[in-house]
Amino acid sequence: MHERASKRSRFRIAAMAAAGILMAASIAVTSPVYAAEEELIVNGGFENGTEGWFANNGNATDGATLTIVNDAFSGSNGLRASARQTTGSGPMQDLSGKLQAGQTYTVTARVKYDNPSSPATKQFFATMHYGGFTYTNLGSVTPARGQWGYINATFTIPAGQNVTTTRLFIETPFNGSPQSDPNLHLMDFTVDDVSLVGAPPPPPPPAPSKTVEVVGKLPGEHNPLIGHKFGADGYGFVHDGRVYMYMTNDTQGYAPNPATGVSPGINYGDINQITLISTTDMVNWVDHGEIPVAGSQGIAPFTNNSWAPGMEKKVVDGEEKFFLYYANGGGSSNVITGDSPLGPWVSERSSTLINSSTPGAQGVSWLFDPAPLVDDDGQAYLYFGGGPASTSFPAAERFNNPKNIRVIELADDMVNTQGTAAVVDAPVAFEAAQVFKREGKYYLSYSSHFGGNDFGGNQTPLPGYPGGGQIGYMISDDPMSFPKETYAGVLFPNQSQFFGAGTGGNNHQSVFEYEGKYYFTYHAPTLNKRINGNTTQGYRSPHIQELTFNEDGTIQQVVGDYAGVDQVRDFDPFRTFEAETLGWTKGIATAKIDGGSAEFGDTAPNLVVRDIDNGDWTGLSSVAFGETGAASVTVKVKPLQEGGAIQVRDGSDTGAVLATIPVTGEIGEWTELSADLTGATGTKDVFFTYTGESGDLFELDTWAFTEGAAQPSLDVTAEAATRCAAGKVQVTVKVTNNDDVAVQVAAVSEYGTKTFASVAAGKSATHAYTTRATNIAAGDVDVTASATVDGQPVSTLVTAPYDSRTCG
């Protein structure tokens, strides 16, 4: 073998001359490491046309036309290379991912040329291109004109060779000026029966499990919002009675070591997805999975990263649309557009929205953290920026007033800007500007920097200015004007003040209003801490606290805690809802599958709960079964092995069993299974616990509870009153039977009991209680009506209140 050096024209002739010697040397190796015999070439006989083949395009000057011909060494077809532009212009096949360094392979091929103006004999090479300027001649043959030549060579890929890119092609000896004599250097030729025998690399080891096995969100606590995955830079958005939280997908880089359980530190450069969850009660959150925003397979493939999302909606051309803004690393920001808060998503742009050419953005180091605001008049704004201060400022100004945040108007279409960005002079600013409007005032919050050389070195903050990693805020009358005089104080200290060692670092916040209350979002590595202790690796989790205001409109400083916010309503179980609706979890993961969501519609992504092992569980907070209760529960489940079961439990993962669902059905197929419930009444936390043998037990798609039948009742009313009789108080009760059957009545007060053997349908009965008192306090008469309906005894209790009375 011979390597083609980067100065290809200097070393190519030497490669040809030495090819035979090096090939012989490789064959003479006493103990080559032979790869197992397996054909690695696709369509080497060209019986499927040109499938798998293309003209070598390793250099800009390479080019050829490939044509299927019936001139074949065997079979029906051969492949002819014509109109060649360089000596390397021949048929090529991409073998990337199929070969491994240090292994030995055998390459064979049949080659023929028949140009009568070409030499009587001509040398041909089978050559490997390893990417860049690295070429290796694997073997050669010098056939006579019009005769089939046979390349047959065994070669070993050097142990240190990078095989990320491997492409095999057929060529003639290199010449730097082949057009000077095309009959000598660029003749047409035909190829057939190309083969490369060896073994592909072994499959990579399984990726480290990302499943969080600890209880990351403790039952009864509401922070962090989710315990089965991470999420940072949470941006709260409200639409149609639901809160959506868009987050940087910190889980994307999480890869704990199977032996130690510790992951390498977070790598922001790998993150190109946005994680989305939603809720209607602030405690039970639906996992909607990840939005593939950036990267080669992303919605906006011209961007590489998706950090720090911001979300808004607006009616554009009569249609309500949703706009998800995100940071493309630190160098730019962009936006994608959706038909709903869940998508589907498209990019209306083919280039970034905010970049170094944006008017007014010059001097901003990090053109990221885009946060939109649509004002009451429909005008939209975008806040962005952060990072090191300009070195043109004095050191103290770089520290206290770095002027590194901007605001710019958005065009009506929300995917273009208009005008020039204005400076936001936020004190000690670092990143994460976001604005909300309340009572005609604009509140801008942001995260403060940590000092250092980027901000003027060792400086003293002005009195009242934020410390490192705190959330400051400003209040203005104008969304485009935030001078330093509008600074109002620290909204939130650094999260480490509340959650202790391992939870410090940057932060990123938002504020949103939901059902008359304001909420503050932030992140902290609390789940990471529960996994690994005080030494965390930077994987952040979403949190929410309620935001309250003073009478003058300033904000009361937020206190972070694990308790979180109150649940705003009980959970409604009497419907089909996604199994990835999670209050608390242990040991499970979620994954997207094909098809739409049973709860959110065909265009919404569908996730399932997976990686379920014996002892894992999920839980829901404050499930409202009501007085009637739930009669049964149904789960859509895919068994992965036999013998699994699900218990529905009251209050905790060890609580009383309300139902047991044996998981039966065909392995690997979705099925619906149901079970009757006992004791599922009132409002309670509900836990689903999972049991079975070792390994993954099953996957879960949806849950549904059916309401129990209402108990029959009787249509009976009662009225109570007080009056004076001979200076004493009397309590009277009137019972009216509005039902179709006669009823027995027992009326009980603190002054006695009166029974009526039968009160006919449509009739009333009255009784007076003599109290023998001149004054009494207010009280009640409890009336119980009983009857037999359809052969079943039925009783109904009604209460009749009466007022206090004084006589005499």
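Note that the coordinates shown come from a computational prediction; the quantities given were computed from them, not determined experimentally. (Residues numbered from 1 in each chain as written. Predicted model: local features only at pLDDT ≥ 70, side-chain atom pairs only at ≥ 80, totals over all residues. Heavy atoms only, no water.)

Visitor: Mind laying out the overall build of the chain, listing which residues take part and the relevant values?
Guide: Looking only at helices and strands, the chain has 5 helices and 51 strands in total. Taken against the 2.2 N^0.38 rule, which gives 28 Å for 808 residues, the C-alpha radius of gyration of the chain at 38 Å runs more than 25% over that of a compact globule. For the C-alpha atoms alone, the extent of the chain along its principal axes is close to 140 × 75 × 55 Å. Among the 808 residues that make up the chain, the fraction classed as buried is 52%. Counted over contacts in the chain with a minimum sequence separation of 6, partners at least 24 positions apart contribute 67%. (Helix = DSSP H or I, 4+ residues; strand = E, 2+ residues; numbered from the N terminus. Rg over C-alpha atoms; globule rule 2.2 N^0.38 Å. Buried < 20%, exposed > 50% of the residue type's maximum accessible area, 1.4 Å probe, protein only. Contact = heavy atoms within 4.5 Å.)

Visitor: Give me unusual backbone geometry: which residues, what numbers.
Guide: At the junction of Asn 223 and Pro 224, the peptide bond is cis and its omega measures out at -5 degrees in the coordinates. Residue Pro 344 is reached from Gly 343 by a cis peptide bond, and omega for that bond is 0 degrees. A positive phi angle is found at Lys 403, which is not glycine, with a value near 50 degrees. As for its placement among the helices and strands, Lys 403 is situated in the loop between helix 3 (395–400) and strand 22 (405–410).

Visitor: A description of the pairing of strand 16 (residues 307–316) should follow, citing residues and the corresponding values.
Guide: Counting buried positions over the 10 residues of strand 16 gives 8, a clear majority of the element. In the sheet, strand 16 pairs with strand 17 (residues 319–328) via 8 bridges, with the strands oriented antiparallel. Residue pairing for strand 17: Trp 307 is matched across the bridge by Ala 327. Once strand 16 ends, the chain turns through 2 residues before running back antiparallel as strand 17, passing Asp 317 with a positive phi of about 55 degrees. (Pairing = 2+ DSSP bridges.)

Visitor: Lay out the nonpolar core in plain terms, naming residues and giving numbers.
Guide: In this structure, Leu 99, Val 107, Met 128, Phe 155, Leu 168, Phe 189 and Leu 196 are the most contacted members of the largest nonpolar core, which totals 33 residues. Listed by contribution, the elements that provide at least two residues to this core are strand 4 (78–82), strand 6 (104–112), strand 7 (124–129), strand 8 (135–141), strand 9 (149–156), strand 10 (167–171) and strand 11 (189–197). If you look at the next biggest cluster of nonpolar residues, it comprises 32 residues, including Leu 582, Phe 625, Val 635 and Val 686. (Core = buried A, V, L, I, M, F, W, Y, C linked by side-chain atoms within 4.5 Å.)

Visitor: Give a description of empty space enclosed by the protein that names residues and reports values.
Guide: Across all of its chains, the model carries 3 cavities of 30 Å³ or more by this definition. Looking at the largest cavity, the residues that line it are Tyr 235, Ala 308, Pro 309, Gly 310, Asp 369, Pro 370, Ala 371, Ala 432, Ala 433, Gln 434, His 508 and Gln 509. Looking at the lining of the largest cavity, the elements that each hand over two or more residues are strand 16 and strand 24 (429–438). A breakdown of the residues in the lining of the largest cavity according to their chemical character gives 7 nonpolar, 4 polar and 1 charged. (1 Å grid on protein atoms, 1.4 Å probe; cavity = no way out; pocket = protein on both sides within 12 Å on 5 of 7 lines; lining within 4 Å. Points joined across faces, edges and corners; volume = space filled by probe spheres on them. Nonpolar A, V, L, I, M, F, W, Y, C, P; charged D, E, K, R; others polar.)

Visitor: Provide a residue-level description of the sheet that holds strand 30 (residues 541–547), including the pertinent values.
Guide: Read across the sheet, 3 strands follow the order 28-29-30 without closing on themselves; strand pairing throughout is antiparallel. A strand with exactly one partner marks an edge of an open sheet, and here the two such strands are strand 28 (510–514) and strand 30. Across this sheet, the average inter-strand angle for adjacent strands is 30 degrees, counted without regard to direction. The pairing of strand 28 with strand 29 (residues 517–524) spans 5 bridges and is antiparallel. (Axes fitted to C-alpha atoms, helices over the stretch in contact; angles between N-to-C directions.)

Visitor: Explain the pairing of strand 29 to me, and be specific about the residues and the numbers.
Guide: Of all 8 residues in strand 29, 7 are buried; the element is thus mostly enclosed. The turn joining strand 28 and strand 29, which pair antiparallel and follow one another in sequence, is formed by 2 residues; a positive phi near 50 degrees is taken by Glu 515. Note: strand 29 against strand 30, 7 bridges, orientation antiparallel. Bridge pairing in strand 30 links Thr 521 to Ile 544.

Visitor: Residues and numbers for the packing of aromatic side chains, please.
Guide: Tallied over the entire structure, the rule returns 38 aromatic pairs. With centroids separated by 5.2 Å and ring planes inclined at 50 degrees, the aromatic side chains of Phe 46 and Trp 53 adopt a geometry described as tilted. Among the residues examined, Phe 46 registers a relative accessible area of 0% and is labelled buried. Ring centres 5.3 Å apart and planes at 70 degrees place the aromatic pair Tyr 465 and Tyr 487 in the edge-to-face group. Taken as a pair, Tyr 465 in the loop between strand 25 (441–448) and strand 26 (471–476) and Tyr 487 in strand 27 (residues 487–492) lie far apart in primary sequence, 22 residues in all. (Phe/Tyr/Trp six-rings, centres within 6.5 Å; stacked < 30°, edge-to-face > 60°.)

Visitor: Go over the side chain of Arg 167, please, and point to the residues and values.
Guide: On the secondary structure map, Arg 167 appears in strand 10. In this structure, Arg 167 is buried with no salt-bridge partner, the nearest side chain bearing the opposite charge being Asp 94 at 5.2 Å. Separated by 2.7 Å, the side chains of Arg 167 and Asn 57 make a polar contact. Aside from chain neighbours lying at most four places away, what touches Arg 167 is Phe 54, Asn 56, Asn 57, Gly 58, Met 92, Gln 93, Asp 94, Leu 95, Thr 127, Met 128 and His 129. (Lys, Arg positive; Asp, Glu negative; His and termini not counted. Salt bridge = Lys/Arg side-chain N within 4 Å of Asp/Glu carboxyl O. Polar contact = N/O pair within 3.5 Å; in protein donor to acceptor, adjacent residues only side chain to side chain.)

Visitor: For the sheet that holds strand 24, give the residues involved together with the corresponding values.
Guide: If you trace the 4 strands from one edge of the open sheet to the other, you get 24-25-26-27, paired in antiparallel fashion. Two strands bound the open sheet, and with one partner strand each, they are strand 24 and strand 27. Direction aside, the axes of adjacent strands within the sheet are offset by 25 degrees on average. Judged from the 6 bridges that link them, strand 25 and strand 26 form a sheet pairing that is antiparallel. Its bridge partner being in strand 26, Tyr 442 is matched across the sheet by Ser 476.

Visitor: So what's going on with the pattern of salt bridges? Residues and values would help.
Guide: Considering all chains together, one arrives at 22 salt bridges under this definition. Among the ionic pairs, Lys 321 bridges to Glu 348, the shortest N-O distance being 2.9 Å. Of this pair, Lys 321 sits in strand 17 while Glu 348 sits in the loop between strand 19 (345–346) and strand 20 (371–374); the two residues are 27 residues apart in sequence, bridging distant segments of the chain. Accessibility expressed as a relative area gives 17% for Lys 321, which makes it buried. Overall, Glu 348 belongs to the partly exposed group, its relative accessible area being 39%. Between Asp 477 and Lys 441 there is a salt bridge, and its shortest N-O distance comes to 2.5 Å. Of this pair, Asp 477 sits in the loop between strand 26 and strand 27 while Lys 441 sits in strand 25, and the two are 36 residues apart along the sequence. We classify Asp 477 as exposed; its relative accessible area is 56%. What makes Lys 441 partly exposed here is its relative accessible area of 34%. One continuous salt-bridge network, built from bridges that share partners, spans Lys 229, Asp 287 and Glu 290.

Visitor: So what about the environment of Pro 143? Which residues, and what values?
Guide: When you line up the elements, Pro 143 lands in the loop between strand 8 and strand 9. The exposure class of Pro 143 is buried, given its relative accessible area of 5%. Measuring from C-alpha to C-alpha, the distance between Pro 143 and Lys 122 comes to 6.1 Å, with 21 residues separating the pair along the chain. Excluding residues that lie within four positions of it along the chain, Pro 143 makes contacts with Val 111, Tyr 113, Ala 120, Thr 121, Lys 122, Phe 124, Trp 148 and Gly 149.

Visitor: Describe the environment of Ala 501, listing the residues and the values that go with them.
Guide: For Ala 501, the location among the structural elements is in the loop between helix 4 (496–499) and strand 28. Ala 501 gets classed as partly exposed once you look at its relative accessible area, which sits at 42%. Setting aside residues up to four positions removed in sequence, Ala 501 forms contacts with Lys 529 and Asn 534.

Visitor: Any details on the confidence of the model for the chain? Residues and values, ideally.
Guide: This prediction gives the chain a mean pLDDT of 93; 96% of its residues lie at or above 70. Confidence drops under pLDDT 50 across residues 1–35; counting only partners more than four residues distant or on other chains, this segment forms 66 contacts. (pLDDT = per-residue confidence, 0-100.)

Visitor: I'd love a proper account of the layout of surface pockets, names of residues and values included.
Guide: In this structure, the largest pocket occupies an estimated 450 Å³ of space. Contributing to the lining of the largest pocket are 21 residues, with Glu 312, Phe 436, Val 511, Phe 512 and Glu 513 lying nearest its centre. Secondary-structure elements contributing two or more residues to the lining of the largest pocket are strand 12 (232–239), strand 16, strand 20, strand 24 and strand 28. Broken down by class, the residue content of the lining of the largest pocket amounts to 13 nonpolar, 2 polar and 6 charged.

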